[in-house]
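Tertiary structure, described
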Amino acid sequence: MEIPPQEAPPGPGADADADAESEEASTEAGSSSAASPPSDGRLKAAAKRVTFPSDDDIVSGAVEPKDPWRHAQNVTVDEVISAYRQACQKLNCRQIPKLLRQLQEFTDLEQRINCLDLKGEKLDYKTCEALEEVFKRLQFKVVDLEQTSLDEDGASALFDMIEYYESATHLNISFNKHIGTRGWQAAAHMMRKTSCLQYLDARNTPLLDHSAPFVARALRIRSSLTVLHLENASLSGRPLMLLATALKMNMNLRELYLADNKLNGLQDSAQLGNLLKFNCSLQILDLRNNHVLDSGLAYICEGLKEQRKGLVTLVLWNNQLTHTGMAFLGMALPHTQSLETLNLGHNPIGNEGVRNLKNGLISNRSVLRLGLASTKLTCEGAVAVAEFIAESPRLLRLDLRENEIKTGGLMALSLALKVNHSLLRLDLDREPKKEAVKSFIETQKALLAEIQNGCKRNFVLVREREEKLQLSASMPEITITAPQPLEEPGDLPAMGAQNGGPSPGPGPDSDSDSDSDGEEQEEEEEDQQDQQKDGGGADQSPSAPCPALVPSMDSLGPGDKSPPGSPSSPTEQRISVSSPGRGHKVFVVTRVESPPERPEPPIPPTFVSSPSPSPPSPPASPPSQTMDIQDPESSEAQPQPEPSQAGQPLPNGLKPEFALALPPEPSPGLEAKGGSCSLEHALHRSQGASKLEELLLEASQEAPRDTL
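Attention here is on the structure that accompanies the text. Throughout this document, residue positions are counted from 1 along each chain, in the order its sequence is written. Where local features are concerned, this predicted model is filtered to residues with pLDDT of at least 70; where side-chain atom pairs are given and counted, the filter is 80 or more; whole-chain, interface and lining totals use all residues. Values reported for side chains reflect all heavy atoms of the structure, with hydrogen atoms and water molecules removed beforehand.

Some remarks on the overall build of the protein
- Only DSSP runs of H or I with at least four residues qualify as helices, and only runs of E with at least two residues qualify as strands; both kinds are numbered from the N terminus onward. Along its length, the protein carries 21 helices and 15 strands.
- Accessible area is worked out with a 1.4 Å probe on protein chains only. A residue is then buried under 20% of its type maximum, exposed over 50%, and partly exposed in between. Within the protein, the fraction of its 708 residues that count as buried is 43%.
- The contacts of the protein with a sequence gap of at least 6 include a subset with a gap of at least 24, amounting to 81%.
- Accessible area for the protein stands at about 37900 Å²; split by element, carbon and sulfur atoms hold 52% of it. Any two residues whose heavy atoms approach within 4.5 Å at even a single point are treated as in contact. The method behind every accessible area is Shrake-Rupley, applied with a 1.4 Å probe, and residues are considered shielded solely by the protein chains displayed.

Following this line, the structure appears as structure tokens:
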């Protein structure tokens, strides 16, 4: 009898089942006898044949994943309430009246609803399962589950729903002490998978050693959280180490709150210092009510030195810090360029601690808000704080409440506010401190009022500065020029003193001379073009342009509004705007500002009998350009061409624009004589005065004659 050939010998690990299958295969093949038994007594396995279906028959069908929002299409409030009640009946659980009231008040169901408030409601597993009928139909901005007595099962179910339906952007699970390991594991999965969750509040919810690894892994890998509250979460030790290690690689978290966790000054503070060294995206770190101590602050300060552009707010409230820790902080502050808020309240810093901190604060130049409430300061410490206030150009708020600052300290603070123009709020105790001298109590009240008035003054100044910045931002290339001086800069003070009046100085917003020279030349060229177009200056010599001193109408008082050709006061300012894309086109725009107090505007002088020397050209004009001023003797027979601006000519034939460059009319008598002598003396001192008079005379004789 012929035995069929065996194609595949059995493997070394063949067992009894393989032997049985081989026997059945050999029987189906029609063999009537088994193979010869091997030496070990076991039967030799027969050949195996495996067949596969064709490629088209491998996949028999496909099922699309369920759309989580298939129930949320054109849903109504009644449908949501009905579905929730049916789920409660099916699960045999109670309905939440607070939830039903909120559902009835919802109107716009297509957008995220502001808040779903379940605070204080007891949520067991069945109650949480019934809430799925709401979450599958509605989305919320805030879901408040504070103090809802969640257990592991209920918390796991709720977190899975919120992750699957993306139900919330802000989630509050605080004051739930029995979430347990499975609850935190579901929360970590939610943090990792939900891209819309930005805010998680887990205050007073313990995060213990066996739960911390899940949360740490979620924060390290693709977490969208920007705000994380873990106050009183029992983080000291291994949980904080895991959390800080994970956050070193997290670039999304902006605010971290770790208050009331009993963090110590050794291991915990060292982990926080390392976190600050490597994480430059964290902006707020709240460590209030811990046990950081001076030793822990030294670790944190090492990390602060690496914060070039990250940390903005550091809260060290009530951490048993003393003057020793302030020495570490004072050395770290000059290296920190982003810190704006520093809260050191309720620490026994004392006067010596403020002195250690003062130089670091002055060198820092970035701190805007400083909290020193209840830091055992006296008048001596207030003097050190006042020195910082006087040196700080950016400080906005300072808190000095609950300190023994008496008359001396208040006086130093008041004097510092007179030179500080940035501090907007200085918090002090409202009631004055007890003094040995009773009259000092009234002095304290007066100083407190003076300090508050100084803060109000700074607020008004800041608001005006912001308005000016907004105005300048809307106008490109704005420069502010002062009124034109009447003489060379060196001769102007002497001339004003001889005239018996104050010498006009540059305005407070005036630019340097180098910025105004080019603009004045552009203005003169523009005025020449305007006069040639109007026909008033067609025959005027090109070498003697007339600068058009057009004052800003808004810089005048209510009764001083006059046409541009009228005389202007020495304190007026104008704003010239160079328009980009139009060459050197110069426009004159108005600016709203309160005018300075001054006496009545000067009256243009009239010359009756004796001719007076003509005023020299402005210092910004080139020496080759001369003023077109007519001689008084020929002014009656030689009329002045009509200017482009509407205005009446002066009695002596001068153009109205020249009145802007003339000095105010001196009083009759010796003062007038002295004023004319000063002008004559100034002209003789100028280089080439006689040549200038000849050029002026020739220009006046060549000017066109029009009827007045």
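Once you've had a look at it, read on.
Regarding helix 12 (residues 293-304)
- The length a helix should cover is 1.5 Å for every residue beyond the first. Taking 1.5 Å as the rise per residue, helix 12 with twelve residues should run 16 Å; its terminal C-alpha atoms sit 16 Å apart, in good agreement.
- Turning to helix 12, the residues buried within the fold contact helix 11 (267-278), strand 8 (313-315) and helix 13 (323-332).

Here's the deal with the pattern of salt bridges
- Only one rule defines a salt bridge in this text: a Lys or Arg side-chain nitrogen within 4 Å of an Asp or Glu carboxyl oxygen. Under the criterion given, the structure shown has 18 salt bridges.
- Its salt-bridge partner being K98, residue D117 comes within 3.6 Å of it at the nearest N-O pair. One end of the pair, D117, is in strand 1 (residues 113-117); the other, K98, is in helix 4 (residues 97-105), with 19 residues separating them in the sequence.
- Between E133 and R137 there is a salt bridge; the shortest N-O distance is 2.8 Å.
- Salt bridges sharing common partners tie together K119, E146, D201 and R203.

Quick word on the sheet that holds strand 12 (residues 425-427)
- When DSSP locates at least two bridges between a pair of strands, those strands are taken to pair. With respect to topology, twelve strands assemble into an open sheet ordered 1-2-3-4-5-6-7-8-9-10-11-12, the strand pairing being parallel. With one partner strand each, in any of the chains shown, strand 1 and strand 12 form the two edges of the open sheet. Pairs of neighbouring strands in the sheet enclose a mean axial angle of 5 degrees, with direction left out of account.
- Where strand 6 (residues 255-257) lies against strand 7 (residues 284-286), three bridges are found, and the strand directions are parallel. Paired with E255 across the bridge in strand 7 is I284. Axis definition: a line fitted to C-alpha atoms, limited for helices to the stretch in contact. Angles are taken between N-to-C directions and run from 0 to 180 degrees.

Regarding the packing of helix 9 (residues 212-220) against helix 10 (residues 238-247)
- The interhelical angle for the contact between helix 9 and helix 10, taken along N-to-C directions, is 10 degrees, at an axis separation of 8 Å. Put simply, helix 9 runs roughly parallel to helix 10. Contacts between helix 9 and helix 10 involve A212, P213, A216, L219 and R220 on the former and, on the latter, R238, P239, L242, L243, A246 and L247.
- The class makeup of the residues in the contact of helix 9 with helix 10 is nine nonpolar, no polar and two charged. Reported orientations rely on four angle classes, namely roughly parallel under 35 degrees, roughly antiparallel over 145, roughly perpendicular from 65 to 115, and oblique for the rest. When residues are grouped by polarity, Ala, Val, Leu, Ile, Met, Phe, Trp, Tyr, Cys and Pro land in nonpolar, Asp, Glu, Lys and Arg in charged, and all others, Gly among them, in polar.

Topic: the packing of aromatic side chains
- Pairing of aromatic side chains here covers Phe, Tyr and the six-membered ring of Trp, requires ring centres within 6.5 Å, and sorts the geometry by plane angle: under 30 degrees stacked, over 60 edge-to-face, intermediate tilted. The full count for this structure, using the stated rule, is three aromatic pairs.
- Ring geometry for F135 against F140: centres 6.4 Å apart, planes inclined by 85 degrees, an arrangement best described as edge-to-face. Accessibility classification places F135 together with F140 in one group, the buried group.
- Residues Y164 and Y165 carry aromatic rings whose centres are separated by 4.9 Å and whose planes lie at 80 degrees to one another, so their mutual orientation is edge-to-face.
- Ring-pair connections join several aromatic residues into one group, and the members of that group are F106, F135 and F140.

What to know about the side chain of E163
- Counting through the fold element by element, E163 comes out in helix 7 (residues 152-165).
- His is not counted, nor are the chain ends; Lys and Arg add positive charge and Asp and Glu add negative charge. Here E163 sits buried without a salt bridge, and the closest side chain of opposite charge, K193, lies 6.9 Å off (N-O distance).
- When residues no more than four places from it in sequence are discounted, the contact partners of E163 are H189, M190, K193 and T194.

Here we look at helix 11
- Taking 1.5 Å of rise per residue, twelve residues should cover 16 Å, and helix 11 covers 17 Å from first to last C-alpha, within 8% of that figure.
- Every buried residue belonging to helix 11 is among D268, S269, Q271, L272, G273, L275 and L276, and all of these are buried.
- Here the buried face of helix 11 lies against helix 10, strand 6, strand 7 and helix 12.

Some remarks on the environment of K262
- For K262, the position within the fold is in the loop between strand 6 and helix 11.
- Along the primary structure K262 and L235 are separated by 27 residues, whereas in three dimensions their C-alpha atoms are 7.9 Å apart.
- When residues no more than four places from it in sequence are discounted, the contact partners of K262 are S236, D268, N290 and H291.

A word on the pairing of strand 2 (residues 140-144)
- By the bridge criterion, four bridges tie strand 1 to strand 2 in an arrangement that is parallel. Note on strand 2: the bridge partner recorded for C115 is V142.
- Relative to strand 3 (residues 170-172), strand 2 is paired through three bridges, and the arrangement is parallel. For V142, the partnering residue across the bridge sits in strand 3 and is H170.
- Whether a crossover is right-handed comes down to one check: with the strands pointing away from the viewer, does the path from the first strand over the helix to the second run clockwise; if it does, it is right-handed. In this fold, strand 2 hands off to helix 7, which returns the chain to strand 3; that crossover is right-handed.

That is the geometry; function is a separate question.
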